[in-house]
Amino acid sequence: MSVEGVVDRLFRRSARQLVAAIARALGPGHITLAEEVVQDALVKALETWPYRGVPANPRGWLYRVALNRGLDVLRRDAVLRDRLLRLPATDTIDAAVADPDPFADDELAMIFMCSHPVLTPDARVALTLKVAAGFSVDEIAAAFLAEPATIAQRIVRAKRMLVQRGIEFEIPDPIDARDRLESVLEALYLMFNEGYDARGGPRAVREELCLEAIRLGELLVRRREVRTPEVHALLSLMCLQASRLPARYDANGDLILLGDQDRGRWDRNLIARGMRHLSEASTGDRLTAYHVEAAIAAAHALAPDDRSTDWSYILGLYDRLLLVAPSPVVELNRAVAVAHVQGPAQAIDALLPLLEYPAMRRYYLLPALLGAFHDELGNVPQAVHWYEAALKLPCNDAERRYLERKRAAALAR
Amino acid sequence: MARFLLVARDAGDWSEAAGDISPEQIEAILSRYNTWSEKLVKAGKLEAGEKLADGEGRQLSAQNGLVRVLDGPHSASKEVVGGFWILNADDYEDAVKLASDCPHLEFGTLEIRKIEEIPA
């Protein structure tokens with residue numbers, strides 16, 4: 001095997017898979033210990049591999065070193081507390097290491113535990129990112145635009161909660177899986193959106209959030225008991241949206257809107273995966289918001305250019321989405337379709353009632369769209385008014401520059 | 001072709017910073033070492049390498065027919081031997097060339113010693 005093949009991207013992925021595998025071996029109360037011994041094993045690799053070279057089975061090596069260290073700590077603990085421990089037999093370890101993807105089930109069990117309904121949605125995402133996805137506290141804080149200390153505390157509390165409630169580290173029974181699955185999907189979608197809604201933070205990390213949510217979702221569909229149309233629908237949605245990641249920013253890091261993106265830069269592979277998941281998603285009898293949103297994303301993905309987008313079909317999908325999952329944000333997105341199908345004046349009429357929602361008044365996209373539609377109608381003063389209103393609300397640098405450009409262009413007319 | 005011992009010394013403080021080092025940083029460092037060693041392996045120039053255990057070793061000396069054993073060397077003040085490689089090289093010039101892009105030089109020093117081979 002080539003050296004690049006061995007070491008390339010081995011570590012972050014190995015680190016999180018190993019934490020899951022070790023936590024499963026040591027018991028659900030020992031996530032923190034699992035994190036520590038995996039870090040120890042990685043450092044041991046750092047110290048010895050430069051001299052001895054990369055071992056034949058690097059992940060197996062890391063797993064053994066981490067597990068042995070974890071068992072040592074627990075044995076010492078067990079002696080102190082005089083408590084009996086169930087420790088895995090060596091042959092289980094060998095079997096696990098021999099398996100080509102030995103940690104998939106452990107990761108899955110970890111996802112279910114991190115997304116347990118006893119945790120708040122915020123805590124679920126933070127814990128999933130930290131423990132199941134291997135992001136650092138600083139990276140999670142950057143993605144959430146939160147203080148690292150806040151995130152660290154959230155994670156500590158979530159771990160404590162899991163221990164106190166005696167949450168088991170396991171893939172739930174098929175009977176429970178369905179209820180539990182919803183909260184898992186929620187966490188994955190939140191994770192995806194943290195990466196996708198460019199609210200700030202390093203771009204590379206944000207894109208990795210998106211890809212990690214997809215990877216974890218694809219672990220789910222490998223297991224029959226959790227392979228539901230809903231999971232495929234969410235995966236389809238995430239793949240199709242992520243396919244646009246390479247085209248969303250220009251060389252200066254400025255945002256490029258969907259209509260202006262170079263569709264040649266969309267990731268064909270992700271589009272194909274998204275379409276495959278969409279066809280798997282259509283096998284059930286339940287239409288979820290994920291299904292409809294995936295269908296909308298597919299309509300965009302399949303249009304060769306902006307002009308050939310089937311906006312009336314998309315508008316129909318938004319109408320259905322409003323029935324399945326009504327929300328002012330959906331109405332806002334629907335207004336974009338209205339503008340394409342019926343015209344900007346009708347879109348403005350659709351948007352104005354949304355100003356009644358207090359939360360929407362803090363959302364820069366609402367005035368930004370009102371500005372854009374007035375712009376289209378040639379109402380320069382109103383356009384400028386709304387662009388300025390949008391600029392007063394929280395948004396990231398790329399969005400701010402975009403709004404400033406639009407305002408300057410309107411004023412120049 | 002002769003064999004050369006490449007001794008790596010460093011401050012022996014790896015493990016102190018170890019808790020803070022991220023998987024990506026570890027990966028980055030290891031892949032540099034790998035680029036280096038893979039090149040040597042492919043050219044048949046790298047024969048072996050071992051990491052020595054951290055912590056002090058034992059110093060032996062004989063006085064008046066008695067062997068004295070001391071713990072040490074103590075790593076607090078000076079560099080310690082972290083590990084070594086055995087290289088196959090034509091001569092010192094070649095060995096220096098092989099060692100000069102070893103990533104260890106970012107963290108410590110290297111010493112090259114030719115292994116004496118007496119043709120029998």
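Look a little higher up for the structure.
Just so it is clear, the model here is predicted, and its values are computed rather than measured.

Across its full length, chain A holds 21 helices and 0 strands. In chain A, which comprises 413 residues, the share counted as buried stands at 52%. Within chain A, contacts between residues separated by at least 24 positions form 66% of all contacts whose residues are at least 6 apart in sequence. With the model as given, the accessible surface of chain A reaches about 19100 Å², and the carbon-plus-sulfur share is 52%.

Moving on: helix H14 (residues 289–302) of chain A. Every α-helix carries 3.6 residues per turn, so stepping three or four residues along brings you back to the same face. Residues and elements named next belong to chain A. In this model, H14 (14 residues) spans 20 Å end to end at C-alpha, consistent with the 20 Å of a helix rising 1.5 Å per residue. Of all 14 residues making up H14, 12 are buried, and the element is well covered by its neighbours. Regarding H14, the residues found buried are Ala289, Tyr290, His291, Val292, Ala294, Ala295, Ile296, Ala297, Ala298, Ala299, His300 and Ala301.

A word on the side chain of B:His104. Summarising the element assignment, B:His104 is placed in the loop between helix H3 (92–99) and strand E6 (108–114). Judged by relative accessible area, B:His104 falls into the buried class, the value being 2%. At 2.7 Å, the side chain of B:His104 forms a polar contact with the backbone oxygen of B:Arg9. Not counting the four nearest positions on each side in its chain, B:His104 is found in contact with A:Tyr51, B:Ala8, B:Arg9, B:Asp10, B:Tyr33, B:Trp85, B:Thr109 and B:Leu110.

The next point concerns the nonpolar core. Ranked by internal contacts, the top residues of the largest apolar core, which has 116 residues, are A:Ile22, A:Met110, A:Phe192, A:Leu220 and B:Trp85. Examining the composition of this core, we find that 12 residues originate from one element, helix H3 (residues 31–52) of chain A, more than from any other. Excluding residues within four positions of it along the chain, A:Leu220 makes contact with A:Leu108, A:Phe112, A:Leu181, A:Val184, A:Leu185, A:Leu188, A:Val226, A:Arg227 and A:Val231. In terms of nonpolar packing, the next biggest core, distinct from the first, is built from 28 residues, A:Leu332, A:Ala337, A:Ala339 and A:Met360 among them.

The next thing to look at is the environment of A:Glu107. Residues and elements named next belong to chain A. By secondary structure assignment, the location of glutamate 107 is in helix H6 (residues 104–114). In this structure, the C-alpha to C-alpha distance between glutamate 107 and arginine 24, residues 83 residues apart in sequence, is 9.1 Å. Among residues more than four places away in sequence, those in contact with glutamate 107 are Arg16, Gln17, Ala20, Ala132, Arg215, Leu216 and Leu219. Polar side-chain contacts of glutamate 107 include one of 2.8 Å to the side chain of arginine 215.

A few words now on the packing of aromatic side chains. Going through the model one piece at a time under the given rule, you end up with 8 aromatic pairs over all chains. An angle of 85° between the planes, with centres 6.0 Å apart, marks the rings of A:Tyr363 and A:Tyr364 as edge-to-face. Relative accessible area serves as the criterion here: at 12%, A:Tyr364 is assigned to the buried category. Arranged with centres 5.0 Å apart and planes meeting at 75°, the rings of B:Trp36 and B:Trp85 form a pair that is edge-to-face. Taken together, the residues span a long stretch of sequence, with B:Trp36 in helix H2 (residues 23–42) and B:Trp85 in strand E5 (residues 80–89) at a distance of 49 residues. A residue is classified by how much of its surface remains accessible, and B:Trp36, at 2% relative accessible area, is buried. Assessed through its relative accessible area of 0%, B:Trp85 is described here as buried. Through successive ring pairs, a cluster of aromatic residues spans A:Tyr51, B:Trp36 and B:Trp85. A cation sits over an aromatic face here: A:Arg244 above A:Trp266, 5.9 Å from the ring centre. The ring of A:Tyr196 carries the charged tip of A:Arg248 above its face, separated from the ring centre by 3.9 Å.

Next up on the list: the side chain of A:His300. Residue and element names in this part refer to chain A. If you trace the backbone, histidine 300 turns up in helix H14. Residue classification places histidine 300 among the buried residues on the basis of a relative accessible area of 6%. Aside from chain neighbours lying at most four places away, what touches histidine 300 is Arg244, Leu258, Arg263, Trp266, Thr309, Trp311 and Ile314.

Let us now look at the sheet that holds E5(B). Strand order in the open sheet formed by 4 strands is E2-E5-E1-E6 (chain B), with antiparallel pairing between adjacent strands. Single-partner strands in this sheet number two, and they are strand E2 (46–51) and E6 of chain B. Adjacent strand axes in the sheet meet at a mean angle of 20° when their direction is disregarded. In the sheet, strand E1 (residues 2–10) of chain B pairs with E5(B) via 9 bridges, with the strands oriented antiparallel. Within the sheet, the bridge partner assigned to B:Ala2 lies in E5(B) and is B:Ala89. Of the strands in this sheet, E1, E2 and E5 of chain B are in contact with H3(A), which crosses E2(B) at around 155°. Against the sheet, H3(B) engages E1, E5 and E6 of chain B, with an angle of about 155° to E6(B).

Non-glycine residue B:Asn64 carries a positive phi angle of around 55°. Judged by its relative accessible area of 83%, B:Asn64 is exposed.

A word on the packing of helix H16 (residues 328–341) of chain A against helix H19 (residues 365–377) of chain A. Residue and element names in this part refer to chain A. Contact geometry for H16 and H19: axes closest at 11 Å, N-to-C directions at 10°. Relative to H19, the element H16 lies roughly parallel. Every residue of H19 that contacts H16 at Leu332, Ala335, Val336 and Ala339 is listed here: Leu365, Leu366, Leu369 and Phe373. Residue composition of the contact of H16 with H19, grouped by class: 8 nonpolar, no polar and no charged.

Reading the values: rules and limits
- All residue numbers refer to position in the chain's written sequence, counted from 1.
- To read the labels, note that chains go from A and ligands from 1, taken in the order they are written.
- Only residues with pLDDT of at least 70 get local features here, since the model is predicted, and only at 80 or more are side-chain atom pairs given and counted; chain-wide, interface and lining totals rely on the full set of residues.
- To get the side-chain values, take all heavy atoms of the structure and skip hydrogens and water.
- To qualify as a helix, a DSSP run of H or I must reach at least 4 residues; to qualify as a strand, a run of E must reach at least 2; elements of each kind are numbered from the N terminus.
- Residue exposure (1.4 Å probe, protein chains only): buried if accessible area is under 20% of the type maximum, exposed if over 50%, otherwise partly exposed.
- We call two residues contacting when some pair of their heavy atoms lies within 4.5 Å.
- Where accessible areas are quoted, they stem from the Shrake-Rupley method and a 1.4 Å probe; at the residue level, only the protein chains shown are allowed to cover.
- Here the expected span of a helix is defined as 1.5 Å times the quantity of residues minus one.
- Pairs of N or O atoms are called polar contacts if they sit within 3.5 Å, as long as, within protein, a hydrogen donor faces a hydrogen acceptor (for residues adjacent in sequence, only side-chain-to-side-chain pairs).
- We define the nonpolar core as a collection of buried residues of types Ala, Val, Leu, Ile, Met, Phe, Trp, Tyr and Cys that are connected through side-chain atoms lying within 4.5 Å of one another.
- Only Phe, Tyr and Trp rings are paired, with Trp represented by its six-membered ring, and only when their centres lie within 6.5 Å; those with planes under 30 degrees apart are stacked, over 60 edge-to-face, the remainder tilted.
- Criterion for a charge above a ring: Lys NZ or Arg CZ within 6 Å of the ring centre, and within 35 degrees of the ring normal.
- At least two bridges found by DSSP between two strands is the condition for calling them paired.
- Every axis in this analysis is a line fitted to C-alpha atoms, fitted for helices over the stretch in contact. Angles between the N-to-C directions lie between 0 and 180 degrees.
- Between 65 and 115 degrees an angle is taken as roughly perpendicular, under 35 as roughly parallel, over 145 as roughly antiparallel, and anywhere else as oblique.
- Each residue is assigned to one class: nonpolar for Ala, Val, Leu, Ile, Met, Phe, Trp, Tyr, Cys and Pro, charged for Asp, Glu, Lys and Arg, and polar for all the others, Gly among them.

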